[in-house]
Structures are given as structure tokens and as C-alpha cells.
Amino acid sequence: MASIFSRIVAGEIPSYKVAEDDNYYAFLDINPVAQGHTLVIPKREVDYIFDLTDDELAGLMLFAKRVAAAIKAAIPCKKVGVTVLGLEVPHAHVHLVPLNKESDMSFGGDKLSLPAEQMQDICRRISEQFK
Ligand code: AMP
């Protein structure tokens, strides 16, 4: 069965899409650790990020770099942090999180659940900055 993220790419499950190209897809994390928390995935479904081919892994990180630039332009922050966990969803993904302090990157605590209008607004602001 396709992963939940493959179903998002296929449009079967809605997402707050930030950016997309032929091979990669970026969308807001539904339970962000900070406003602007974005996931970047390869469209090809592979569970473990280091099972991607070298070219796929490089392409994923280069796409994530462009998404991070858009996040940084749209969301006030010092830097955009990068984390790979992958313990919940078996489809490789990179977490991009706007950082003002180290604890903004904390995945162990409470996550946010923002109203749809706010998620839409954040999504629009980031996608408008994507180049
Ligand atoms: P992990 O696999 O441990 O990196 O965690 C999976 C991440 O995916 C969590 O931060 C979830 O909030 C996020 N997530 C799960 N389902 C969705 C979804 N349908 N849309 C957006 N984010 C999701």
C-alpha cells in the first residue's frame, strides 16, 4: 500500500503544498513544532533516506535548500534547521524548521495544531517566496 506521503503526492490526501518539481514535493507538517515547519520528500517512495540513490539524495537536499530559502524569506527566523527522523512515516522526508532558539527544533514535546486559515496563510507566504 502506498505511504500517506505518496497519497499526498498523488492528490488523494490534501496537503498544504509549498513547492513541487518532477521529483520532489514540499508541504507543511500537519503538527508543526514551529510555525513554518515543512517536510520535503522525494516523490519516489523509499522508507530510509540513506537508501535513496546518490543522485536522489543530492537532489532532495538541493530542493530542500530552495525550500529553506523560501521559509527564511517568509518566516522571521535566524536560521532554518534540518532534521531527519522518519520513525513515524516510512517515506523518506526532511524536516525544515524555522529556528530562533535551539528548543524550536525539539520533537519530543508538544506539537502545534494551527487553524486551517493560519496554515493556509503560512503555506501561501512560503510558496510565494519559492524560486
Ligand atoms: P517522523 O516520521 O518521525 O519524521 O514524523 C512524521 C511527521 O510527519 C510528523 O512530524 C507528522 O506531524 C507529519 N505528518 C504525518 N502525517 C502528515 C500529513 N498527512 N500531512 C502533513 N504532515 C504529516
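Structure's up top.
Residues numbered from 1 in each chain as written. Predicted model: local features only at pLDDT ≥ 70, side-chain atom pairs only at ≥ 80, totals over all residues. Heavy atoms only, no water.

Let us look at helix 3 (residues 116-129). Compared with an ideal rise of 1.5 Å per residue, which puts 14 residues at 20 Å, helix 3 spans 20 Å between its outermost C-alpha atoms and is within 8% of the ideal. Those residues of helix 3 not exposed but buried are M119, I122, C123 and I126. The buried residues of helix 3 occupy an angular sector of 100° when the element is viewed end-on, so they sit on one face. Seen from the buried face of helix 3, the exposed residues on the opposite side, beyond 90 degrees, are E117 and E128. Elements that come into contact with the buried residues of helix 3 comprise strand 1 (17-20), strand 2 (24-28), strand 3 (38-42) and helix 2 (54-74). (Helix = DSSP H or I, 4+ residues; strand = E, 2+ residues; numbered from the N terminus. Expected span 1.5 Å × (residues − 1). Buried < 20%, exposed > 50% of the residue type's maximum accessible area, 1.4 Å probe, protein only. Arc of directions from axis to C-beta. Contact = heavy atoms within 4.5 Å.)

All right, on to helix 2 then. The terminal C-alpha atoms of helix 2 lie 30 Å apart, and with 21 residues this matches the ideal 30 Å at 1.5 Å per residue to within 8%. Listed in full, the buried residues belonging to helix 2 are E56, G59, L60, F63, A64, V67, A68, A70, I71 and A74. Of the surrounding elements, those touching the buried residues of helix 2 are strand 1, strand 2, strand 3, strand 4 (79-83), strand 5 (94-99) and helix 3.

It is worth spelling out the pattern of salt bridges at this point. For the structure on display, the rule yields eight salt bridges. Salt-bridge contacts for K43 lead to E20; the nearest nitrogen and oxygen are separated by 2.8 Å. Pair noted here: K43 is in the loop between strand 3 and helix 2 and E20 is in strand 1, with a separation of 23 residues, a long-range link. Three or more residues joined by partner-sharing salt bridges are found here, namely D121, R124, R125 and E128. (Salt bridge = Lys/Arg side-chain N within 4 Å of Asp/Glu carboxyl O.)

Structurally, the position occupied by D29 is in the loop between strand 2 and strand 3. Within the buried set, D29 has no salt-bridge partner at all; the shortest N-O distance to an opposite charge, 5.3 Å, is to K111. Excluding residues within four positions of it along the chain, D29 makes contact with H37, T38, L39, H95 and M119. (Lys, Arg positive; Asp, Glu negative; His and termini not counted.)

Limitation: the analysis is restricted to geometry and does not speak to function.
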